[in-house]
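Chain by chain, the residues run as shown.
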Amino acid sequence: MAKVIEGLYYAESHEYVKVEGEFGYIGITDYAQSQLGNVVYVDMPEEGDEVTAGEEFGAVESVKAASDLISPVSGEVVEVNAALEDEPELINKDAFENWIIKVKLSDKSELEALMDATAYEAVCK
């Protein structure tokens with residue numbers, strides 16, 4: 001069973017959001033990285049770009065497949081995880097530690113449309 005962490009918000013497309021104040025850290029879930037296999041490339045937006053809930057903001061490529069990244073929330077990208085540019089496989093080591101982008105949340109009410117850990121676990125079964 002893939003690791004699921006309490007206190008995060010989950011999208012059906014297998015992204016998570018870890019909220020700290022007005023910021024959200026977005027990455028792919030442990031389940032998603034296990035389904036992809038060895039991650040070889042992460043396509044990320046630029047700092048200053050806007051992401052919109054439900055819309056694509058990048059992609060994760062593995063030796064098996066490429067998967068679009070769908071933003072679970074809207075906001076401005078304030079940081080990208082630069083470590084993933086040189087070591088995309090960090091996502092396979094710990095998908096929750098190695099978030100992809102940090103955004104300044106523009107509408108916290110969007111979080112209400114996402115799942116909690118229990119609901120996400122049910123989706124993964």
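All of these numbers come straight from a predicted model, not from anything done at the bench.

Enquirer: I keep staring at the environment of Tyr120 and nothing clicks. Help me out?
Expert: Turning to its location among the elements, Tyr120 is positioned in helix α4 (residues 117–124). Sequence separation between Tyr120 and Glu110 is 10 residues, and the spatial gap between their C-alpha atoms is 17 Å. Residues within four places of Tyr120 in sequence aside, it is in contact with Val4, Tyr10, Ala11, His14, Thr29, Tyr31 and Met115.

Enquirer: Would you mind going over α4 with me for this structure?
Expert: Residues that lie three or four places apart on an α-helix share one face, since the helix turns once every 3.6 residues. When we look at burial in α4, the residues that qualify are Ala117, Tyr120 and Cys124. What you see down the axis of α4 is that its buried residues fit within an arc of 65°, all on one side. Exposed residues lying more than 90 degrees from the buried face of α4 are Thr118 and Ala122. Residues of α4 that are buried in the fold lie against β1 (9–10) and α1 (30–36). Taking the backbone nitrogen of Thr118 as reference, a side-chain oxygen 3.3 Å away marks Asp116 as the first, capping residue of α4.

Enquirer: In this structure, what is going on with the sheet that holds strand β2 (residues 15–20)? I would like to understand it.
Expert: Backbone-to-backbone hydrogen bonds pair the strands of a sheet. The strands run either parallel or antiparallel. Taken in spatial order, the six strands line up as β1-β2-β3-β9-β8-β5 in an open sheet, and their pairing is antiparallel. Edge strands, defined here as strands with exactly one partner in the open sheet, are β1 and β5 (50–51). Direction of pairing for β1 relative to β2: antiparallel, over a ladder of two bridges. From the neighbouring strand, Tyr10 faces β2, where its bridge partner is Tyr16.

Enquirer: Any chance you could explain the side chain of Asn81 here in plain terms?
Expert: Note on placement: Asn81 falls in the loop between β8 (75–80) and α2 (83–86). If we skip the residues at most four places from it in the chain, Asn81 touches Met44, Asn98, Trp99 and Ile100.

Enquirer: Whenever I open this one, the packing of aromatic side chains confuses me. Can you help?
Expert: Remark: the centre distance and the inter-plane angle together describe each pair of aromatic rings, the angle taken between the planes. Scanning the model with the defined rule gives four aromatic pairs in all. Geometrically, the ring pair formed by Tyr10 and Tyr120 is stacked, given 4.6 Å between the ring centres and 10° between the ring planes. Taken together, the positions of Tyr10 in strand β1 and Tyr120 in helix α4 put the pair 110 residues apart, joining distant regions of the chain. Accessibility expressed as a relative area gives 0% for Tyr10, which makes it buried.

Enquirer: What should I look at first to understand the sheet that holds strand β4 (residues 39–43) in this one?
Expert: Overall, antiparallel pairing links the three strands, which are arranged β4-β6-β7 in an open sheet. The outermost strands of the open sheet, each flanked by one partner alone, are β4 and β7 (66–70). The mean inter-strand angle of the sheet, taken between neighbouring strand axes irrespective of direction, is 20°. Alignment of β4 against strand β6 (residues 56–62), held across four bridges, turns out to be antiparallel. Counterpart to Val42 in the pairing with β6 is Val60.

Enquirer: Would you mind going over unusual backbone geometry with me for this structure?
Expert: Backbone geometry follows two general trends: most residues other than glycine have a negative phi, and most peptide bonds adopt the trans configuration. Residue His14 is not a glycine yet carries a positive backbone phi of 75°. With respect to the element layout, His14 can be found in the loop between β1 and β2.

The rules we used
- Residues numbered from 1 in each chain as written.
- Predicted model: local features only at pLDDT ≥ 70, side-chain atom pairs only at ≥ 80, totals over all residues.
- Heavy atoms only, no water.
- Helix = DSSP H or I, 4+ residues; strand = E, 2+ residues; numbered from the N terminus.
- Contact = heavy atoms within 4.5 Å.
- Buried < 20%, exposed > 50% of the residue type's maximum accessible area, 1.4 Å probe, protein only.
- Arc of directions from axis to C-beta.
- Polar contact = N/O pair within 3.5 Å; in protein donor to acceptor, adjacent residues only side chain to side chain.
- Pairing = 2+ DSSP bridges.
- Phe/Tyr/Trp six-rings, centres within 6.5 Å; stacked < 30°, edge-to-face > 60°.
- Axes fitted to C-alpha atoms, helices over the stretch in contact; angles between N-to-C directions.

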